[in-house]
Every structure is written in C-alpha cells, then in structure tokens.
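# Coordinates in review
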Amino acid sequence: MQQQLKLLVSRRLDLVADRVRITARIQDLLTMISPALEKTLNLRSKGSLRLLAQWQTPAGLRRAGEARILAYLRQHGVRAAKALTAKALAAARTQTVAVAGEATAAGIVAEMATDLEAVNGRIVAIEETIAGIVAGHELGEIVTSLPGIGTTLAAEFLAHAGTLTTYPSAAALAAHAGSRRSPATPAAVRVTRFGPTATTGAYAGCSACPVSPR
C-alpha cells in the first residue's frame, strides 16, 4: 500500500506540474491575442476551457454570437453558461484589431485548452483513487482527522510514513515527519513539512501503536 501511494502521489505531482505549465502558457498566448479575454476567463473553470477549445479570438467570438456560444456551452454541461457568454462577448467587443500571429496562437490555445481539460480530469481521477487508499490505510483515519490535513496531504505523509509497525514510538514517527513535540506545545499536532501531523497525542490515542509514547 505504501509503494502504491508513493507512485500515485508522484504521478499526481507530475500532473499538477503539467497543469501549472499549460495554464501559464495559455495565459501568455491569450495576453498576446486579447488582454481583455485573458483577464476575463478563469482557466480553472471547465466553462472557460470549453469556450477556448472552440473560440480563442475576439473576432471569432463576435462572429459566433451569443446564441451559438450559449448553446455550445450548455451542450457541454457548463454551469453559468449565460454569464460566461456575456463576459466573453463583452471582452471581445473591446478589441477590433487582430494581432500578428493571432491565427497560429489561437490554434495553440485551442489545443492546449483541450489538453488542460484532460489533465484536470486525470487529476480528479487519481485523487479519487488516492482517497480510497487513504481511507483503507491503518493510519488514514488518524492522519485525516487532524486539523489542516486533507486527503492529498495525508497521502503524501503516509507514502513516506508507512505503517504503525515502522515506528517504535511516537517520537520516531514525529522525527520521520520532521517534527518533535515541544513541552510547551499542548496540542497533539505540530506543523511539519507535510503540514500539521500527528505526534504524541495522536499516537497515544491509537491502540494499534506498538509502543506507548509514555
């Protein structure tokens, strides 16, 4: 299970890096084509990516018109399609001049918008798989119950921590996590490179721990 988590966490990090890279490139190209469109569209939303997969330039959006754009977005299940259509057309109407290389840039944007949609879908799928593994892990409930730790962060920790039998004491677990509980810290949580993580208190609350931290 630990090796499986390591592989999935690593793959997710690769996909997130791809998402960041593609998003930045689309933003650069959109700024060249139309600064108004770049400011208007949220590349983290499905609707904006669907729009860009079909129309990337102010002139193209104006030619398509409200009815056609709205129908297309609704056909693809985009929420708030009417509001997005209105914002995109308002931005398109602010620019009537086509920049040099616009057609080529538009083609790249269309392709990368589709790529970004696919990457987002893969991230969602791998996060669902990771969540299932964390839920079945012997430390999963303990780690995810701590404040500030979600499933993804818990998976990163568990991918390195292994199982309860790996550690003879709470201090050993804390040391692996990059944290030691100070006497002045009343809570059973310390912030580490993984985020908040279990130390003495959480370890003591686990009947499966091999050695009592006391």
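Everything below is about the structure shown above.
Figured I'd write up the structure that's included with this text. (Residues numbered from 1 in each chain as written. Predicted model: local features only at pLDDT ≥ 70, side-chain atom pairs only at ≥ 80, totals over all residues. Heavy atoms only, no water.)

### A short note on helix α4 (residues 58–75)
Worth spelling out the cut-off: Counting from the N terminus, the helices are the DSSP runs of H or I reaching at least four residues and the strands are the DSSP runs of E reaching at least two. In this analysis, the expected span of each helix is defined as 1.5 Å times one less than the number of residues it contains. Fitting axes to the seven residues ending at a residue and to the seven starting there, one defines the bend at that residue as the angle between these axes. Here a residue-residue contact requires only that any non-hydrogen atoms of the pair lie within 4.5 Å.
In this model, α4 (18 residues) spans only 22 Å end to end at C-alpha, well below the 26 Å of a helix rising 1.5 Å per residue. In the structure, α4 departs most strongly from a straight axis at G65, where the bend amounts to approximately 95 degrees. For α4, the elements touching its buried residues are α1 (2–33), α2 (35–40), α3 (46–54), α5 (81–92) and α6 (102–136). One or two positions beyond α4, positive phi appears at G77, with a value near 70 degrees.

### Some words on the packing of aromatic side chains
We describe a pair of aromatic rings using the distance from one ring centre to the other and the angle between the two ring planes. Our working rule: Side-chain rings of Phe, Tyr and Trp (the six-membered ring for Trp) are treated as a pair once their centres are within 6.5 Å; stacked means planes under 30 degrees apart, edge-to-face means over 60, and tilted covers the remaining angles. Exposure classes here rest on a 1.4 Å probe applied to the protein chains alone. A residue is buried below 20% of its type maximum, exposed above 50%, and partly exposed in between.
The final tally for this structure, using the stated rule, is 1 aromatic pair. Taken together, a centroid distance of 5.2 Å and an interplanar angle of 75 degrees make the contact between W55 and Y72 edge-to-face. Remark: Y72 occurs in helix α4 and W55 occurs in the loop between α3 and α4; sequence separation between them is 17 residues. Take W55 and Y72: they sit in the same class, and that class is buried.

### A short note on the side chain of Q56
Here is the rule we go by: Here a polar contact means two N or O atoms within 3.5 Å. Within protein one must be a hydrogen donor candidate and the other an acceptor candidate, and residues neighboring in sequence count only if both atoms are side-chain atoms.
Note that Q56 resides in the loop between α3 and α4. Taking the relative accessible area as the measure of exposure, Q56 reaches 12% and is therefore buried. In terms of polar contacts, Q56 uses its side chain to reach the backbone carbonyl oxygen of L52, at 2.8 Å. Separated by 3.4 Å, the side chain of Q56 and the backbone oxygen of Q54 make a polar contact.

### Quick look at the nonpolar core
For clarity, the threshold we go by: Think of a nonpolar core as a cluster: buried Ala, Val, Leu, Ile, Met, Phe, Trp, Tyr and Cys residues, connected wherever their side-chain atoms sit within 4.5 Å.
Residues L5, I26, L51, L52, L61, I69 and L73 are the most contacted members of the largest nonpolar core, which totals 52 residues. Those elements that provide at least two residues to this core are α1, α3, α4, α5, α6, α7 (140–144) and α8 (151–161). It is α6 that contributes the most residues to this core, 12 residues altogether.

### What to know about the side chain of Q95
Along the chain, Q95 falls in the loop between α5 and α6. The contact partners of Q95, leaving out residues within four places of it in the chain, are I33, S34, P35, P58 and R62.

### Concerning unusual backbone geometry
Phi is positive for A80, close to 50 degrees, though the residue is something other than glycine. The topology assignment puts A80 in the loop between α4 and α5. The class for A80 is exposed, based on a relative accessible area of 57%.

### A word on the environment of T151
Its place among the elements puts T151 in helix α8. We classify T151 as partly exposed; its relative accessible area is 34%. For the pair T151 and V134, spaced 17 residues apart in sequence, the C-alpha to C-alpha distance is 7.0 Å. Excluding anything up to four places from it in sequence, T151 contacts I130, A131 and V134.

### What to know about the packing of α4 against α5
Note the threshold: Under this scheme, a helix contributes an axis fitted over its contacting stretch, all axes are lines through C-alpha atoms, and angles between N-to-C directions fall in the 0 to 180 degree range. Note on terminology: angles under 35 degrees are roughly parallel, angles over 145 are roughly antiparallel, angles of 65 to 115 are roughly perpendicular, and the others are oblique. Each residue gets one label: Ala, Val, Leu, Ile, Met, Phe, Trp, Tyr, Cys and Pro are nonpolar, Asp, Glu, Lys and Arg are charged, and the others, such as Gly, are polar.
Closest axis-to-axis distance for the α4/α5 pair is 9 Å, and the angle between their directions is 180 degrees. In terms of their interaxial angle, α4 and α5 are classed as roughly antiparallel. Only A81, K82, L84, T85, A88, L89 and A92 of α5 make contact with α4, whose side of the interface consists of P58, L61, R62, G65, E66, I69, L70, L73 and R74. A class-by-class count of the residues in the contact of α4 with α5 yields 10 nonpolar, 2 polar and 4 charged.

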